[in-house]
Amino acid sequence: MPAMTRRTALVLPLLALVMPAGAQTAAVTVEQPWARATTASAKVGGAFLTFKAVAADAVISASSPVAGMVELHQTVNDGGVMKMQPVARLELNAGKPVELKPGGYHIMLMGLKQPLKQGETFPLTLTFEHAAPVTVQVKIEAAGAMGPGHMHTM
Ligand SMILES: [Cu+2]
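Residues numbered from 1 in each chain as written. Predicted model: local features only at pLDDT ≥ 70, side-chain atom pairs only at ≥ 80, totals over all residues.

A.B. asks: Looking at this model, I keep getting lost on the overall build of the protein chain. Mind explaining?
C.D. replies: Assigned secondary structure in the protein chain consists of 1 helix and 10 strands. Start at the N end of the protein chain and walk to the C end: the helices and strands fall as α-β-β-β-β-β-β-β-β-β-β. In the protein chain, which comprises 154 residues, the share counted as buried stands at 23%. Here the analysis covers contacts within the protein chain between residues at least 6 apart in sequence; of these, 69% occur between residues at least 24 apart. (Helix = DSSP H or I, 4+ residues; strand = E, 2+ residues; numbered from the N terminus. Buried ≥ 20, exposed ≤ 12 C-beta atoms within 10 Å, placed from the backbone. Contact = placed C-beta atoms within 7 Å.)

Put into structure tokens, the structure is as follows:
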């Protein structure tokens, strides 16, 4: 039945259009996102997480509604002085998790629109060179936390 075949051919591209991008298998997963609580007057904050890539990729940018600007930073030891510098892209190798943590790579939240309060969460969107963007809810830990908490009181 030629008529039926033509109709099927028309319907399929439409289905492809309405399929949300998130339905694809994410090539990069973002695990254990957390941030440090900030004081009321702080304008910057740090967020940390672990990237796991299925295929080689790179983190190229990040954004969050709680900050005016979000940058990828690296903490480097410059002659005994710890300094932070922006990183244009963070390479991700297939099957090799990359952990962002205090003293190393981190997500810098600049121009905070509100203090980061312990126990709350905020959305953070990571953009990759190849994989679809990923938005995660970042859990806010204590100001001096060195890692994501494992015990949470309700
Ligand atoms: Cu920084």
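A.B. asks: Is there a simple way to think about the nonpolar core in this case?
C.D. replies: Across soluble globular proteins, you tend to see nonpolar side chains buried next to one another. Counting 27 residues, the largest nonpolar core has Val 28, Ala 47, Phe 51, Ile 107, Leu 124 and Leu 126 as its most contacted members. For this core, the secondary structure elements donating two or more residues are β1 (28-36), β2 (44-53), β3 (57-63), β4 (67-78), β8 (105-112), β9 (121-128) and β10 (134-141). Residues contacting Phe 51, with those up to four places away along its chain left out, are Val 28, Val 30, Val 59, Leu 92, Pro 97 and Val 98. (Core = buried A, V, L, I, M, F, W, Y, C linked by C-beta atoms within 7 Å.)

A.B. asks: What's the story with unusual backbone geometry in this structure? I'm lost.
C.D. replies: What is expected of a backbone is that most residues other than glycine have negative phi and most peptide bonds are trans. At Gln 32, a position not held by glycine, the phi torsion is positive, near 45°. Among the secondary structure elements, Gln 32 is positioned in strand β1. Given 15 C-beta atoms within 10 Å, Gln 32 falls into the partly exposed group.

A.B. asks: Explanation requested: the environment of Thr 29 in the structure shown.
C.D. replies: Examined against the element boundaries, Thr 29 turns out to sit in strand β1. The exposure class assigned to Thr 29 is partly exposed, which follows from the 14 C-beta atoms found within 10 Å. Sequence separation between Thr 29 and Ala 131 is 102 residues, and the spatial gap between their C-alpha atoms is 9.6 Å.

A.B. asks: Can you walk me through the pairing of β2 in this structure?
C.D. replies: Moving residue by residue along a regular strand, the side chains alternate between the two faces of the sheet. Direction of pairing for β1 relative to β2: antiparallel, over a ladder of 6 bridges. Pairing of Thr 29 across the sheet is with Lys 52, part of β2. In the sheet, β2 pairs with strand β7 (residues 98-99) via 2 bridges, with the strands oriented antiparallel. Counterpart to Phe 51 in the pairing with β7 is Val 98. (Pairing = 2+ DSSP bridges.)

A.B. asks: Help me understand the confidence of the model for the protein chain in this model?
C.D. replies: Segments scoring low in pLDDT should not have their predicted coordinates read at a detailed level. Of all residues in the protein chain, 80% attain a pLDDT of 70 or more, and the chain-wide mean is 86. Confidence, expressed as mean pLDDT per element, reaches its minimum in the protein chain at helix α1 (residues 2-18) with 54 and its maximum at β9 with 98. (pLDDT = per-residue confidence, 0-100.)

A.B. asks: Teacher, can you tell me more about the pairing of β8 here?
C.D. replies: By the bridge criterion, 4 bridges tie β2 to β8 in an arrangement that is antiparallel. Note on β8: the bridge partner recorded for Gly 45 is Leu 109. Bridge count between β4 and β8: 7 bridges; the pairing is antiparallel. Bridge pairing in β8 places Leu 72 opposite Ile 107.

A.B. asks: Just checking my understanding: could you explain the environment of Ala 47 for this structure?
C.D. replies: For Ala 47, the location among the structural elements is in strand β2. Distance from Ala 47 to Pro 33, taken between C-alpha atoms, is 7.1 Å for residues 14 residues apart in sequence. With sequence-adjacent residues up to four places away left out, Ala 47 is seen in contact with Pro 33, Ala 35, His 106, Ile 107, Leu 109, Leu 124 and Val 138.

A.B. asks: Explain the environment of Ala 143 here, please?
C.D. replies: When you line up the elements, Ala 143 lands in the segment after β10. On the basis of neighbour count, Ala 143 is assigned to the partly exposed category, with 13 C-beta atoms found within 10 Å. Distance in space between the C-alpha atoms of Ala 143 and Ala 37 is 4.4 Å, their sequence separation being 106 residues.

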